[in-house]
Amino acid sequence: MNTDNWFDYCYDFREGFGAVELSEKWNFTNKDGKLLSSTCFDDCGDFHEGFARVKLSEKWNYVGKYGEYLLVVWVDDSYDFREGFASVKVDGKWNFIGKDGKLLSATWFDYCWNFSEGFARVELNGKENYIGKDGKVLSSTWFDECNSFDDGFVRVKLNGKFNYIGKDGKLLSEFWLDYCNSFREGFARIRVGNKWNFIGKDGKVLSITWFDFCGDFQEGRSLVGIGEKKYFIDKEGGLRVHR
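The model shown is predicted, which means the values in this text are computed figures rather than measured ones.

The next subject is the sheet that holds strand S6 (residues 59–63). The three strands lie next to each other as S4-S5-S6, forming an open sheet whose pairing is antiparallel. Looking along the sheet, the strands with just one partner apiece sit at the ends: strand S4 (43–48) and S6. Recorded for the sheet is a direction-independent mean angle of 20° between the axes of neighbouring strands. Here strand S5 (residues 51–56) pairs with S6 via five bridges, running antiparallel. When the bridges of S6 are listed, Ala52 appears paired with Val63.

Evaluation of the coordinates by the stated rule reveals 17 salt bridges. For Glu58, the salt bridge goes to Lys55, with nearest N and O atoms at 3.7 Å. Of the residues examined, Glu58 reaches a relative accessible area of 59% and is grouped as exposed.

Before going further, it helps to spend a moment on the sheet that holds strand S1 (residues 9–10). Spatial strand order, S1-S2-S3: three strands in an open sheet with antiparallel pairing. This sheet does not close on itself; its edge strands, each paired only once, are S1 and strand S3 (25–30). Relative to strand S2 (residues 17–22), S1 runs antiparallel, the two sharing two bridges. Bridged to Tyr9 within S2 is Glu21.

Before going further, it helps to examine the packing of aromatic side chains. Within this structure, the stated rule accounts for 21 aromatic pairs. An angle of 70° between the planes, with centres 5.2 Å apart, marks the rings of Phe28 and Phe47 as edge-to-face. Note that Phe28 is positioned in strand S3 and Phe47 in strand S4, a separation of 19 residues in sequence. By the burial criterion, Phe28 is buried, and Phe47 matches it. Taken together, a centroid distance of 5.2 Å and an interplanar angle of 65° make the contact between Tyr69 and Trp74 edge-to-face. Exposure remark for Tyr69: the relative accessible area of 34% places this residue in the partly exposed category. Put simply, the rings of Tyr79, Trp94, Tyr111 and Trp113 touch in pairs and so form one group of aromatic residues. A cation over an aromatic ring shows up here: Lys201 above the ring of Phe183, its NZ or CZ 5.9 Å from the ring centre.

About the criteria used
Residues numbered from 1 in each chain as written. Predicted model: local features only at pLDDT ≥ 70, side-chain atom pairs only at ≥ 80, totals over all residues. Heavy atoms only, no water. Pairing = 2+ DSSP bridges. Helix = DSSP H or I, 4+ residues; strand = E, 2+ residues; numbered from the N terminus. Axes fitted to C-alpha atoms, helices over the stretch in contact; angles between N-to-C directions. Salt bridge = Lys/Arg side-chain N within 4 Å of Asp/Glu carboxyl O. Buried < 20%, exposed > 50% of the residue type's maximum accessible area, 1.4 Å probe, protein only. Phe/Tyr/Trp six-rings, centres within 6.5 Å; stacked < 30°, edge-to-face > 60°. Lys NZ or Arg CZ within 6 Å of the ring centre and 35° of its normal.

This is how it looks when you write it as structure tokens:
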């Protein structure tokens, strides 16, 4: 492969390089038209945070912007870097690597997701938790289901009930909920039984009244209802009749 040729396919530039294909082999070209690597690969991804995934003989590695390989040992699968770490698969288990090529955790997981707001969701033996960039698991409790961090908190599920945990690993609500939503403008909708309310980031319920329905906060207020009556609720818990 050389840049005197027209390619069979090429992608847009990302972080200074574009992936190009010729005769079912892949490489990268820079904006001077020079190929990045002396090796042509079976597959590759775009650059993310200084590295791109490359595949050769059914194994994966990462290549840097000087054509250097990040990993000494090629892995079975991999994902792009996010917040300084990328997930890799070896013998059916997953872990994270940093940009120095070192493993983040001594534990290999059944699956792991991308980092978001400093933490990544991981699964082990059918339970889920979070791992920080220090390689430590966030919570002493492993949950049945988790989401990714959003606005400082994440929704977790255990034994059919829901709660939130913060980045300190502590539960936000004193009681477990039948359902809850993501935070919007500092508050999240929660349900206990068939009644709805809001919870703030201090763990306190917004209103002494529980509603038959409520919507997300928008521009400082939310529409709520009790029976046939509708109200607007503000962030202080004040109610105003909806006309």
